[in-house]
Amino acid sequence: MNETSPAPAVQAPAPRRTPTAAGGGAPRPAAGQRIAEVLQRQGVLAVLLTVVIVASFIYPTFATLDNARGVTIQASFLAVVALGMTMVIITGGIDLSVGSVFALGGVLAAWASQWGFLAALFVPLVVCGAIGLLNGFLVARAGMAPFIVTLATLLGARGLLLAFTDEGATTYLVPKGSAFAELGQGSVWGFGYPILIALVLFGIGGLLLQRTSFGQTLFAVGGSSDAATLMGLPVARTKILVYTLSGLLAGLAGALNAARLSSGVTIVGVGMELDAISAVVIGGTLLIGGAGSISGTLWGVLLLAVIQNLINQIGSLNSSYQSVVSGGFLIVVVVAQRYLARSRRTT
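Nothing here was measured: the structure is a model prediction, and the numbers come from that model.

### Brief notes about unusual backbone geometry
Comment: phi is negative for the bulk of residues other than glycine, and the bulk of peptide bonds are trans.
Okay, step 1: Phi at aspartate 166 takes a positive value of approximately 55°, unusual for a residue other than glycine.
Okay, step 2: Structurally, the position occupied by aspartate 166 is in the loop between helix H6 (146–164) and helix H7 (179–185).
Okay, step 3: Phi is positive for serine 262, close to 65°, though the residue is something other than glycine.
Okay, step 4: For serine 262, the location among the structural elements is in the loop between helix H11 (235–261) and helix H12 (272–282).

Below you can see the structure in the form of structure tokens.
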């Protein structure tokens, strides 16, 4: 019986090494992912710079130092509120109470200012911080939905405000020339103290978010609360802290606003929670949580302030158009975020 040797194996020709297969494909997805991340976080800065440059050519009064001071001082109060909102949204939550807490903080600060500077800051911070603590406890410990909890405290804080001011009939005034009034009306090189305070708080917030374990825990909780729990991270404590911080910052912003206006105005803060959410989302923070940046929120706040200023520059449009433009920006940004997130998953 003749043995037949096995046929020699035929080696398939090696595939041609195209630029994609030869190593060009690996860097491209990484580069695309990096571009998507940059656009998600800092794309609003490019939009802001474009709007500012174009507006400076169209409206000569826009690019003046006085106008810049006016825009930034108006934006500083929303910026402080949006800072707390950023941390809440990164954890996958929401805080609808900040507008009412902002107004309540201003009234309490004006009322307490008759007893001095420390009382004017201490009282609103304690009360507004307690509201934030309540929000955090109900969300983290009781397992209630953030939307329902903060909607309830929105109504509760506004009701407490109306009860404290006799349905708005009583307006508390800040003593003229007091140290507390100077906090809201004083300036350095023409830029008011609220602007400097907002910048300092954003600097601290950026370091807290990017350089500490607490900040990394925020991203982990927002990415997956269950996974963060399995990793041994303090999920409940983190949520309580961010809601407390949100209440504290909203109360502080209200106190600064009262100091600038020299009174506790009861009608302020209506819809402010929506402006804060818009600024945060426009700045690149995902509503589903797990991603975001402090600097992006700052650019988002400034973009909304610039839009409002441009509407004033035009003159023929009323302030209601700001809501239309802001809503349009918000829709575009949310759609872009979904597209960028999909691009990052496929690269």
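### Examining the confidence of the model for the protein chain
Okay, step 1: With 81% of its residues at a pLDDT of at least 70, the protein chain reaches an overall mean of 82.
Okay, step 2: Segment residues 1–29 is flagged for pLDDT under 50; beyond a separation of four residues in sequence, or across chains, it makes 6 contacts in the model.

### Notes on the environment of glycine 223
Okay, step 1: Inspection of the secondary structure puts glycine 223 in helix H9 (residues 213–223).
Okay, step 2: A C-alpha to C-alpha distance of 8.2 Å links glycine 223 and isoleucine 288, two positions 65 residues apart in sequence.

### Here's the deal with H12
Think of an α-helix as turning once every 3.6 residues; residues three or four places apart then point the same way.
Okay, step 1: For H12, the buried fraction is high: 9 of the 11 residues fall into the buried class.
Okay, step 2: Here H12 has its buried residues at Met272, Glu273, Ala276, Ile277, Ser278, Ala279, Val280, Val281 and Ile282.

### Describing the packing of helix H3 (residues 65–90) against helix H13 (residues 294–314)
Okay, step 1: As a packed pair, H3 and H13 sit with axes 8 Å apart at the nearest point and diverge in direction by 140°. As far as their axial angle goes, H13 and H3 are oblique. The two elements H3 and H13 cross, and the hand of that crossing is right-handed. Between H3, through Asn67, Val71, Ala75, Leu78, Ala79, Ala82, Leu83 and Thr86, and H13, the contact on the second element is made entirely by Ile294, Thr297, Val301, Leu302, Ala305, Val306, Asn309 and Gln313.
Okay, step 2: Considered class by class, the residues forming the contact of H3 with H13 number 11 nonpolar, 5 polar and no charged.

Calculation notes
Residues numbered from 1 in each chain as written. Predicted model: local features only at pLDDT ≥ 70, side-chain atom pairs only at ≥ 80, totals over all residues. Heavy atoms only, no water. Helix = DSSP H or I, 4+ residues; strand = E, 2+ residues; numbered from the N terminus. pLDDT = per-residue confidence, 0-100. Contact = heavy atoms within 4.5 Å. Buried < 20%, exposed > 50% of the residue type's maximum accessible area, 1.4 Å probe, protein only. Axes fitted to C-alpha atoms, helices over the stretch in contact; angles between N-to-C directions. Parallel < 35°, antiparallel > 145°, perpendicular 65-115°, else oblique. Left-handed = near helix turned anticlockwise from the far one by under 90°. Nonpolar A, V, L, I, M, F, W, Y, C, P; charged D, E, K, R; others polar.

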